[in-house]
Each structure stands twice: as C-alpha cells, then as structure tokens.
Amino acid sequence: MFDTTYFPGAKKYWHMGEIYDWDTRLVHVMSHVLHYGSSVFEGIRAYETSRGPAIFRLEDHIDRFFTSAAALNMDVPYTKEEIIEACRLIVRENRLRSAYIRPNLFYSYGNLGLTPKACPVELTIGCWEWGAYLGDEAIATGVHVLLLPWKRFHHTQINASVKLGGLYVQSNIHATYARRMGFDEGIFLNLEGRIAEGPGENIILVKNGIVKTNDKFESILEGITRTTILELARDLGYETEISPITIEEFLNADEVFFTGTAAEVTPITRITDGRDQEKSPDEWEVFTIGDGTPGKITLQLSKLYGEVVRGKHESYDHWLTYVYDSPEEARMALGESPDSMEKERLSRF
Ligand SMILES: Cc1ncc(COP(=O)(O)O)c(C=O)c1O
C-alpha cells in the first residue's frame, strides 16, 4: 500500500491509456528516468466551479509539455488533444472537485547508456487534492524567504522554461536548504547577480503602482501564472513592466509576491540575505517588505486570480477546460449540486 498522506484524494492514475489503482507499481527499477532524471512534467490545477471542476489554462500547460518533451528529444506517444482528454478523465476517475494534476513523460526501461536509444517514452497522469503549496498561512500572511548563495543555472546553458525532471535537482537541493535554515522558501540569483526566481515560483514586485517581473533572459521559467497575473494586472489598469530585477529593487519594493500553479499568488513579506556563507545565519540581514504584511495590489491580484480560476468571471472563461461535459453530469458524478456545494462552502466564511 502506498501512503497517500501527501496525495489526499488520490485513488487512481492514468498510464499509457489505462487507469490503475494508486497502489499499482509499474515502473522497472532499471528505467532510464530513475537514473538520469530523463523526464518532463507539468503541474496543473483544476478548481471547483459552479459547473464542476475546471482545469486552468490546460492547453497552455500541454503546449509547454510538448516544448519540454522536444528539448529531451522525446517522441510523445499521444497527441495534445488525447493528453487533454486524459487529464479530464483522471480528475473524473478520482471524483475530485479540485485537483493538482501531474502529467509525466519519461524514458522507461530499455538501455542504461546516457542516450536512451532503446527506451520507450511513457506517459503517466496522476491527480490529487493539493492545498496551498507554501502552507495555508502563507497566502494570508506572507512568507519569509532566503536569498540563496547559489546561482540558478544560466539560460545560455539550458532553456530554463522547460520542465525537465533532472533540472529540478537544483530546486530540490536549495529549497530543502532554505527550509532547513528555517525559511519558507529560497530565492535564486542568476549568474549576473540579479534576482532570478524561486525553486518552483516566479517573482513579481510592485513599486509605485507598477507591476514588474523579469523574463527568460534572466534565467527563469516564464510561468503560466506569471503571464496570467500580468494580464490581470493590465486589465485592472496597472502598468506592467518586464525587465531585470536587481537585488536593491527587490529589497526596496513596495510589494513582492511569488506566482506559480502550485504557489498561486503568495505574498513575500520578509527577505533574509543569506548570500554571505562566511557569516553565521544569525548575522544575516533581514529586510521587511512594506509594513511586513501582504500588499494591497498583491491581495487584489490574488483575489481576482482566485475568482478567475473558479470561473467567476465570464470574460476569462476561455482559460477554463471543464472536466465534465455538462453541469448535470458533474452533479451526477459528484453526488451533489456543485452549485450548492459552493454556496455551502462560501457560507462558512
Ligand atoms: C522553476 C519554476 N519557476 C516558475 C514556475 C511557475 O510556473 P507556472 O506558473 O507555469 O506554474 C514553476 C512551476 O511550474 C517552476 O518550476
């Protein structure tokens, strides 16, 4: 039995066109991916709406999935439309009202040379209920981050916008370090010594009412949430800017926040400068952003984002892919009117 403590609600997963119980083990230990990280993945969320669960910007995620696969010379064994349908199917199979969806393409069993010449490419899709990535408190009160002493790999070395499993070893090591040192998350600089991004999140700041972020030439993955937030900010009438972020700008911003499918919009309220490894951690300087609480524009964007992903603004409905063909089908499958569920849930606040 596989413990599902960290995969609440997970009952089944999709693998190469079949649905398996969560407890089924299918991958051989000599699979290429286990040794060299030769996989590509996506992180996607589905939110509860009045028409049943809807997957946010699914097409954009699957487009990026194909771009990532091309970077690893993979022949994807399914079309974009088939993968979209499989994502919808696995949320239905798990009877989830909201979900984090994880498609993963990997080189499986064949040979173990560095070039996976005899390894087939396999696709799995799992989903479960994943709450706030940096904790429930994080979105309400903001997080304390650590400026890491290690630099993000450079965009001239590898395209940082592709989600290759092996590349995430850097995120794993340094996100773990930040947490071990008592922080909520780490922040990478790039080789130029400017702000890059978090291990799994982009960074956006607000200064004098301008909403600003960096781009792939600063060695970041240009996230889908980042693009969404920039569009929402413009729609709300804010000026937006894309240019490099210096450390000084970052520390002196009026507001700073993370964006990401997992992290959604998470305010950053304190930053510790941990770059000098000669100093002991209690000598590291701590900076407070604004008054140390989530900023006004951050909260406004976070609220709007939360509403848009839940289908509360018709003008952004083109970003939603409904999991069920009709609200009736959703109601029948989920046992209760999604509408009444939503009302009941909202009435608790
Ligand atoms: C390194 C990195 N940066 C940024 C992001 C945010 O991207 P998105 O908003 O597409 O989830 C992610 C998550 O996918 C990531 O892994």
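Residues numbered from 1 in each chain as written. Predicted model: local features only at pLDDT ≥ 70, side-chain atom pairs only at ≥ 80, totals over all residues.

### Considering the environment of Tyr6
You can see Tyr6 is positioned in the segment before β1 (12–15). The class of Tyr6 is exposed, set by 8 C-beta atoms lying within 10 Å. Counting along the chain gives 30 residues from Tyr6 to Tyr36, while the straight-line C-alpha distance between them is 25 Å. (Helix = DSSP H or I, 4+ residues; strand = E, 2+ residues; numbered from the N terminus. Buried ≥ 20, exposed ≤ 12 C-beta atoms within 10 Å, placed from the backbone.)

### Comments concerning helix α6 (residues 224–235)
Across its 12 residues, α6 extends 17 Å between first and last C-alpha, which sits within 8% of the 16 Å expected from 1.5 Å per residue. Those residues of α6 not exposed but buried are Ile224, Thr225, Arg226, Thr228, Ile229, Leu230, Leu232 and Ala233. Positive backbone phi, approximately 100°, marks Gly237, located one or two places after α6. (Expected span 1.5 Å × (residues − 1).)

### Side note on the domain arrangement of the protein
Per the domain assignment, the segments of the protein are domain 1 (12–130 + 316–342) and domain 2 (136–306). Here the C-alpha centre of domain 2 lies 27 Å away from the C-alpha centre of domain 1. Counting from both sides, the interface comprises 19 residues of domain 1 and, opposite them, 11 residues of domain 2. Here the side of domain 1 that touches domain 2 gets five residues from one element, more than from any other, and that element is helix α2 (residues 58–71). Considering only residue class, the side of domain 1 that touches domain 2 consists of eight nonpolar, seven polar and four charged. (Domains from an automatic or database assignment. Contact = placed C-beta atoms within 7 Å. Nonpolar A, V, L, I, M, F, W, Y, C, P; charged D, E, K, R; others polar.)

### Things to note about the nonpolar core
Ranked by size, the top nonpolar core spans 82 residues in total, and within it Ile55, Cys87, Val91 and Ile101 carry the most contacts. Setting aside anything within four residues of it in sequence, one finds Ile55 in contact with Ile44, Ala46, Cys87, Ile101, Thr321 and Val323. (Core = buried A, V, L, I, M, F, W, Y, C linked by C-beta atoms within 7 Å.)

### Considerations on the site of the ligand
In the vicinity of the ligand there are 13 residues, among which Gly223, Ile224, Thr225, Gly260 and Thr261 approach most closely. Looking at the shell around the ligand element by element, the count peaks at three residues for α6. The residue inventory of the shell around the ligand, partitioned by class, reads two nonpolar, eight polar and three charged. (Near = placed C-beta within 6 Å.)

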